[in-house]
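# Remarks on the overall topology
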Amino acid sequence: MKIGVLLKQVPASDARIKIADPSTGIDTADIKWEINPYDEYALEAALQLKDAKQASSVVVLTVGGADADQRIRDALARGADAAVRLDDPAFEGSDCLGIARILAAAAKAEGVELLLAGKQAIDGDNAQVPGMVAELLGWGNISVVDKLEFADGTVKAWRASGGGARDVVEASLPLVITCDKGLNEPRYASLKGIMMAKRKKIAVKGAADLGLDPSTVGAAAALVVEDNWSLPPERPAGRILEGDDATRVKELVRLLRDEAKVI
Amino acid sequence: MARYEGLDFYAIDKQLTDEERMVRDLVRNWVEDRVIPIIEQHCREGRFPMHLVPEIGEMGLLGMNLEGYGCAGMSNVAYGLACQELERGDSGIRSFVSVQGSLCMHPIHAFGSEEQRRRYLPEMATGKLIGCFGLTEPDYGSNPGGMVTKAVDDGDSYVLNGAKMWITNGSIADLAIVWAKLIPPGGTLADGRIHGFIVEKGDPGFSAPEMHGKHSLKASVTSELVFEDCRIPKDRILPGVSGLKGPFSCLNNARYGIAWGALGAAQACYWSAREYALSRTQFGKPIASFQLVQNKLAWMLREITKGQLLALQLGRMKDAGTMFPEQISLAKMNNVDIALQIARIARDIHGANGILDEYPVMRHMANLESVYTYEGTHDIHNLILGRWITGIPAFE
Ligand SMILES: Cc1cc2nc3c(=O)[nH]c(=O)nc-3n(C[C@H](O)[C@H](O)[C@H](O)COP(=O)(O)OP(=O)(O)OC[C@H]3O[C@@H](n4cnc5c(N)ncnc54)[C@H](O)[C@@H]3O)c2cc1C
């Protein structure tokens, strides 16, 4: 079985985000990029399946420019066998559905039977792409999985279903699974892995290579248009209550009831 | 506190290969995740974080600049960057890696028999076997040539007598690279020539009691090595070298790593001092807004940047095979010296908070006192440079 891992680079979680131009998006000049943390769980799950000889190989699929290569190299250094970076001027401005079309076509072209992805990317927090990929491929989809078992082509997956309850889902391949924190402990690369990653090629593919109609992706095909970027309002400063404990507790309760309206 | 970032004032990052950057980032992240959260507690208790050894081995940091035998075969610059990041965590962690790779694996790799290499190196690379390096003796520190530990050929074995002191990893080591004078039959100590011997834990007559009471490198094991008629098989001598050249070749490699490592400690102190200065308010404004404080920070920036350029160029020369030992002396001496001064100034900037182990500065400061002394004291390196300049050795 060949596994595909959908991997996206995102601004580091502690990056200070600035808006370059409200119509185009954030200023990426000083941004430090990292692998989307949830995608790291997906990658690790794939690598563990390979270590357990339940998968033959792991291929990383990334939609992005050459600046994503460093993140892809990191994945290769951790043990992924190959990578395809999907890059084409026609892909510019794709919305989630466009990205999903590209990835679905790539998954098909690569002949993968299982796609693992993060439950969401921590930049846009859309949590849409993997589900759309599954739909486009006509595959099953199990989302937000934090425990996974795999035997004889059958997948057993555990997911929180709210209120402390848990779902256990059984499914057969082909599948798209999105991964949550807790699924595993992502490994560090090794120096040997880093040396080996040097010899692995990152294949770059465009619409023509995938047999993808360019008019179905990119800005022109996008159903969702981002036209006005702004930072969330600054969090108001906290308030420090004065007086002795008794007065402050009384005041706190009053504020929680009257102002915050939470009790 | 914001997540640590290294200082790159002169765009040295751009001088690194992708691979070197990946090694740096790997070790930096590992240190952030695995070392920073536990190191203060380990220091407080005077315990080496033994549980990290398999992880260090798994990443491939042990003997990483050696070729073959399970080693990663990376560039010396990559090795230096790893040392820098490890020492940003703690000099004790970096010491462990220096001793294992440069002081123990290197001599086996360079001077050992093929059999010895195959027997020890792969397991040392994974951290399964831990090594220590015994050169210094109670009465011979800066002057190792005067050593009195001796080995005598006794037919099918060598018999070692003597004692080593200040030996990093001693009590946790599975094997020791011991430098001793091999006395020819009927000869005296004066006729002896220095050779390297591999002594294994459990060899009869060998013990390695730990030294206690350190104020520095507290998260590192320091021990004595005692040899009382310690008998080892003949095939444990390192066949490829004799004389001081053997240990010095090891020291050159380790000193090279220290030149980088010290910059890690310096950057940790700079980072902490800068963060602290920006957040600490006195006289109604952040102390970072006072000229005297800025002057201190500017000095740190200046010295770290110069040190980085020294280390990088030294590494490129080492990779090209053109580096000579005096160049290592300059970088080791300079970078440890400035790191120690930076740690002291950072401690000052933190005010009273600087003495707490809530901040890393005093730990680094105390650690660097050892680093200043070991691997050739600051002044021994001055003398090495003095000899290079004048042609006159002034050691004795
Ligand atoms: C934590 C720690 C770990 C160590 N780990 C190891 C290890 O793993 N293996 C090992 O073999 N050793 C190790 N050492 C020992 C270290 O290498 C020695 O301490 C060092 O070589 C200095 O020797 P010394 O302490 O005997 O000082 P000394 O040589 O007695 O020096 C004392 C002072 O005299 C000065 N001095 C000495 N000679 C001269 C001279 N000719 N001219 C001018 N000044 C001079 C020195 O610069 C220094 O200031 C370690 C030391 C420490 C503190």
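Definitions and cut-offs
Residues numbered from 1 in each chain as written. Chains lettered and ligands numbered in written order. Predicted model: local features only at pLDDT ≥ 70, side-chain atom pairs only at ≥ 80, totals over all residues. Helix = DSSP H or I, 4+ residues; strand = E, 2+ residues; numbered from the N terminus. Rg over C-alpha atoms; globule rule 2.2 N^0.38 Å. Buried ≥ 20, exposed ≤ 12 C-beta atoms within 10 Å, placed from the backbone. Contact = placed C-beta atoms within 7 Å. Expected span 1.5 Å × (residues − 1). Nonpolar A, V, L, I, M, F, W, Y, C, P; charged D, E, K, R; others polar. Pairing = 2+ DSSP bridges. Axes fitted to C-alpha atoms, helices over the stretch in contact; angles between N-to-C directions. Near = placed C-beta within 6 Å. Domains from an automatic or database assignment. pLDDT = per-residue confidence, 0-100.

Let us look at the overall build of chain B. In terms of regular secondary structure, chain B is built from ten helices and nine strands. For 396 residues, the compact-globule formula gives about 21 Å, and the C-alpha radius of gyration of chain B, at 21 Å, lands near that figure. In terms of its C-alpha atoms, chain B occupies a principal-axis envelope of roughly 80 × 50 × 40 Å. Looking at the 396 residues of chain B, the share that counts as buried comes to 50%.

For the rest of this paragraph, the subject is the environment of S329(B). Residues and elements named next belong to chain B. Turning to its location among the elements, S329 is positioned in helix α8 (residues 325-349). Take S329: there are 23 C-beta atoms within 10 Å of it, and that puts it in the buried class. Along the sequence, S329 and G376 sit 47 residues apart, while their C-alpha atoms lie 8.4 Å from each other. Leave out the neighbours within four places in its chain, and S329 touches G376, H381, I384 and L385.

All right, on to α8(B) then. In a regular helix each residue adds 1.5 Å, so 25 residues correspond to 36 Å; α8(B) covers 36 Å between its end C-alpha atoms and thus fits that length. Where α8(B) ends, the next residue or the one after it, G351(B), has phi of about 55°, a positive value.

As a further point, take the interface of chain B and chain A. Across the boundary between the two partners, chain B contributes 16 residues, which contact twelve residues of chain A. Listed by contribution, the elements that provide at least two residues to the side of chain B that touches chain A are α1 (18-45) and α2 (53-59) of chain B. If one sorts the elements of the side of chain B that touches chain A by residue count, α1(B) sits on top with six residues. Counted by class, the side of chain B that touches chain A contains ten nonpolar, two polar and four charged residues.

The next point concerns the sheet that holds strand β7 (residues 82-86) of chain A. Residues and elements named next belong to chain A. Taken in spatial order, the nine strands line up as β11-β10-β9-β12-β8-β1-β6-β7-β13 in an open sheet, and their pairing is mixed. Across the chains shown, the open sheet's two edge strands, defined by having one partner strand only, are β11 (166-172) and β13 (202-205). With direction set aside, neighbouring strand axes in the sheet form an average angle of 35°. In the sheet, strand β8 (residues 114-118) pairs with strand β12 (residues 175-179) via five bridges, with the strands oriented parallel. Bridging from a neighbouring strand, A117 pairs with T178 of β12. The strands touched by helix α1 (residues 37-51) are β1 (2-6), β6 (57-63), β8, β9 (140-151) and β12; relative to β8, the strand with the most contacts, the crossing angle is about 145°.

Residue and element names in this part refer to chain B. Surrounding the ligand, one finds 20 residues, the nearest of these being L135, T136, G141, S142 and T377. Put simply, the parts of the chain that give the shell around the ligand at least two residues each are β1 (131-134), β3 (157-168), α9 (361-373) and α10 (378-390). Looking at which domains feed residues into the shell around the ligand, each of domain 2 (132-236) and domain 3 (245-390) supplies at least three.

In an α-helix, one turn spans 3.6 residues, which is why side chains three or four residues apart end up on the same side. Residue and element names in this part refer to chain A. Between its first and last C-alpha, α1 extends 21 Å over 15 residues, near the 21 Å set by a 1.5 Å rise per residue. Among the residues of α1, those classed as buried are Y38, D39, E40, Y41, A42, L43, E44, A45, A46 and L47. Backbone geometry just after α1 places K53 at a positive phi near 60°.

Bringing the domain arrangement of chain B into the picture now. Residue and element names in this part refer to chain B. For chain B, the assigned domains are domain 1 (12-130), domain 2 (132-236) and domain 3 (245-390). The gap between the C-alpha centroids of domain 2 and domain 3 is 31 Å. Residues that form the side of domain 2 that touches domain 3 fall into these classes: six nonpolar, four polar and no charged.

The subject of this paragraph is the packing of helix α3 (residues 76-89) of chain B against helix α4 (residues 91-111) of chain B. When two helices pack together, you describe them by how their axes are tilted relative to each other and by the distance separating the axes. Direction vectors running N to C along α3(B) and α4(B) enclose 145°, while the axes themselves pass 5 Å from each other. Between α3(B) and α4(B), the contacting residues are C83(B), L86(B), E87(B) and G89(B) on the first element and S91(B), I93(B), R94(B), V97(B) and S98(B) on the second.

A few words on the confidence of the model for chain B. Regions with low pLDDT should not have their predicted coordinates read in detail. Overall, the prediction assigns chain B a mean pLDDT of 97, with 100% of residues at 70 or greater. In the model output, the complex is listed with pTM 0.92 alongside ipTM 0.88.

Our next topic: the environment of K164(B). Residue and element names in this part refer to chain B. Here K164 lies in strand β3. Among the residues examined, K164 registers 26 C-beta atoms within 10 Å and is labelled buried. Separated by 15 residues in sequence, K164 and T149 have C-alpha atoms that sit 7.8 Å apart. Ignoring sequence-local partners within four residues, the contact set of K164 consists of G134, T136, E137, T149, V178, E224 and L225.

All names here are of chain A. Where β9 meets β12, four bridges bridge the pair, whose relative direction is parallel. By the bridge assignment, I142 is partnered in β12 with I177. Sheet topology note: the β9/strand β10 (residues 154-160) ladder contains six bridges and is antiparallel. If you follow E149 over to β10, its bridge partner there is K156. What sits between the antiparallel neighbours β9 and β10 is a turn of two residues, in which D152 has the positive phi angle 45°.

With that settled, consider unusual backbone geometry. Following L173(A), the chain continues into P174(A) via a peptide bond in cis, with omega recorded as 0°. By secondary structure assignment, the location of P174(A) is in the loop between β11 and β12. In this structure, W166(B) is a non-glycine residue whose phi angle is positive, near 65°. Along the chain, W166(B) falls in strand β3. C-beta crowding within 10 Å serves as the criterion here: with 19 such atoms nearby, W166(B) is assigned to the partly exposed category.

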